[in-house]
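Letter by letter, the chains look like this.
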Amino acid sequence: MTQKAYKYRFYPTAGQGQLLSRTFGCVRYVYNWGLRLKTDAYYKEGRRLYYKDLSAQLTVLKRQPETVWLNEVSSVTLQQSLAHLDRAFLNFFEGHMNYPKFHKKHNKQSASFMSSAFKWDGKNITLAKMKEPLDIRWSRYFSGTPSSVTVSKDAANRYYISILVDEPTTPLPKIGTQLGLDMGLTHMVILSSGEKIGNPKFFRKDEKKLAKAQRQLAKKQKGSKNRDKARIKVARIHARIADRRQDFTHKLTTRLIHENQVIAAESLQVKNMIRNHKLAKSIADVSWSELIRQLEYKATWHGRTVVKIDKFYPSSKRCYDCGHIMPKMPLNIREWTCPECGKTHDRDINAAQNILAAGLAVIACGEAVRPGRKQSSRHGKLQRSRKAN
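Small disclaimer: the values here were computed from a predicted structure and weren't measured.

*Asks:* Before we go on, may I ask you to explain a positive patch on the surface in this structure?
*Replies:* A contiguous patch of positive charge on the surface is contributed by Lys 212, Arg 215, Lys 219, Lys 220 and Lys 233. In terms of residues, the positive patch owes the most to one element, helix 5 (residues 207-219), which gives three residues. As for its position among the elements, Lys 219 is in helix 5. Given the relative accessible area of 72%, Lys 219 is considered exposed.

Right, dumping it as structure tokens:
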């Protein structure tokens with residue numbers, strides 16, 4: 001069994017919209033309240049507060065006259081808000097995320113409902129404190145019973161519901177096709193088979209329209225209705241860019257997973273690469289990290305293998321035919337001839353072929369002999385001392 005999340009758009013009634021608005025506000029308030037308590041307790045008193053501590057204090061908070069309005073929404077959503085805050089701190093201490101930030105009113109809003117806070121009759125979902133079911137656009141169907149749902153509203157005022165269910169996964173039939181992927185900017189993905197998949201450049205296509213909308217927003221008076229309208233206009237352009245990029249990436253990754261048994265890709269340090277101010281916008285637009293993320297979880301679902309090679313592996317500088325490594329390979333060189341064997345290579349296709357070969361070596365021999373892996377200084381000194389002896 002695998003947990004899968006199905007996301008749908010829905011259209012609330014006027015009453016449902018008001019209740020959801022209050023729910024989002026209460027969830028945001030409790031999250032920010034908990035974040036402030038945890039931060040002050042650590043920096044002022046040197047102690048840490050955990051979920052059980054905040055949960056006990058939340059009960060007291062809901063009894064206070066100035067915050068009695070927290071009782072107007074489902075208590076489950078408020079408890080889940082504290083659970084999400086606890087998870088955010090855990091991710092921070094594990095080095096996966098930055099320090100948690102306060103939630104803002106005009107950013108994406110969300111609230112999570114566990115099974116005790118909604119009713120599922122097999123066709124419709126009714127949330128706690130609602131009399132009517134949500135008007136959901138069922139674009140696809142799922143099997144099983146929902147264990148939790150998350151209702152969200154994005155900056156463009158669109159409502160979505162994400163339904164978490166446990167479903168059995170059926171692996172795809174095994175095939176013998178293997179593929180190496182090289183990431184690029186001119187072409188989004190270059191395959192070891194020789195195919196090049198172009199870069200749609202969704203942000204670049206709407207960049208001028210977005211810049212115009214942002215200039216109009218900057219001229220509006222803060223707090224006015226016209227400024228709110230302009231903000232929504234900017235958010236809709238961002239949403240259009242993100243939706244098209246997500247749709248393209250999903251279709252591409254689904255195709256690659258269905259057509260190949262093994263996929264090898266690079267371990268790119270996108271956070272470091274994006275520091276280059278000349279390429280940062282293009283790198284963010286192509287969304288390499290999201291492509292790899294989708295490949296990994298879809299491979300788990302369908303019984304495929306995705307292997308990532310070491311980021312220091314010289315895939316572009318290495319000749320696929322003889323193994324000769326060029327000392328330098330500037331980005332402006334798209335084709336080159338190996339001085340050893342005389343073979344002429346397309347830079348990207350040669351890199352994809354090398355990535356596939358390195359990925360197969362990792363599968364066969366394990367992580368310890370990952371091609372191109374950079375050894376630590378301590379390990380290098382030990383190896384040199386052994387050779388000297």
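Moving on, there is more to tell.
*Asks:* Is there a simple way to think about the UniProt feature "domain: Cas12f1-like TNB" (unreviewed entry) in the chain in this case?
*Replies:* When the UniProt feature table is mapped onto this chain numbering, "domain: Cas12f1-like TNB" (unreviewed entry) sits at residues 288-355. As annotated, residues 288-355 has a helix share of 35% and a strand share of 16%, and its two end C-alpha atoms lie 16 Å apart.

*Asks:* Is there a simple way to explain the sheet that holds strand 11 (residues 305-309) in this structure?
*Replies:* Across a sheet, paired strands are connected by hydrogen bonds in the backbone, their directions being either parallel or antiparallel. Spatially, the five strands line up as an open sheet ordered 9-8-7-10-11, and their pairing is mixed. Only two strands of the sheet have a single partner each, and these edge strands are strand 9 (196-198) and strand 11. Pairs of neighbouring strands in the sheet enclose a mean axial angle of 25°, with direction left out of account. Here strand 8 (residues 187-191) runs beside strand 9; their pairing, made up of three bridges, is antiparallel. From the neighbouring strand, Ile 190 faces strand 9, where its bridge partner is Lys 196. Across the face of the sheet, helix 9 (residues 288-302) comes into contact with strand 7 (178-183), strand 8, strand 10 (262-266) and strand 11 while running at roughly 140° to strand 11.

*Asks:* Can you help me understand the pattern of salt bridges in this one?
*Replies:* Tallied over the full model, the rule gives 20 salt bridges. The partner of Asp 154 in a salt bridge is Arg 158, with the nearest N and O atoms 2.8 Å apart. Residues Asp 154 and Arg 158 agree in their burial class; the two are buried. One salt bridge in this structure joins Lys 281 and Glu 207, with 2.7 Å as the shortest N-O distance. Taken together, the residues span a long stretch of sequence, with Lys 281 in helix 8 (residues 280-286) and Glu 207 in helix 5 at a distance of 74 residues.

*Asks:* Can you help me understand the packing of aromatic side chains in this one?
*Replies:* Geometrically, a pair of aromatic rings is defined through the distance of the ring centres and the angle of the planes. This model, assessed by the stated rule, comprises 14 aromatic pairs. Judged by centre distance (5.1 Å) and plane angle (70°), the rings of Tyr 29 and Trp 69 are edge-to-face. Taken as a pair, Tyr 29 in helix 1 (residues 14-45) and Trp 69 in the loop between helix 2 (51-61) and helix 3 (75-93) lie far apart in primary sequence, 40 residues in all. Among the residues examined, Tyr 29 registers a relative accessible area of 32% and is labelled partly exposed. Arranged with centres 5.3 Å apart and planes meeting at 90°, the rings of Tyr 42 and Tyr 43 form a pair that is edge-to-face. Site record: aromatic cluster; members linked through ring pairs are Tyr 6, Tyr 8, Trp 120, Trp 138 and Phe 142.

Calculation criteria
- Residues numbered from 1 in each chain as written.
- Predicted model: local features only at pLDDT ≥ 70, side-chain atom pairs only at ≥ 80, totals over all residues.
- Heavy atoms only, no water.
- Patch = residues over 30% accessible without salt bridge, like charges linked within 9 Å, V, L, I, M, F, W, Y side chains within 5 Å.
- Areas by Shrake-Rupley, 256 points an atom, 1.4 Å probe, with all protein chains shown as cover.
- Salt bridge = Lys/Arg side-chain N within 4 Å of Asp/Glu carboxyl O.
- Lys, Arg positive; Asp, Glu negative; His and termini not counted.
- Charge placed at Lys NZ, Arg CZ, Asp CG, Glu CD.
- Helix = DSSP H or I, 4+ residues; strand = E, 2+ residues; numbered from the N terminus.
- Buried < 20%, exposed > 50% of the residue type's maximum accessible area, 1.4 Å probe, protein only.
- UniProt positions renumbered as here; feature names shortened; annotations may be inferred.
- Pairing = 2+ DSSP bridges.
- Axes fitted to C-alpha atoms, helices over the stretch in contact; angles between N-to-C directions.
- Contact = heavy atoms within 4.5 Å.
- Phe/Tyr/Trp six-rings, centres within 6.5 Å; stacked < 30°, edge-to-face > 60°.

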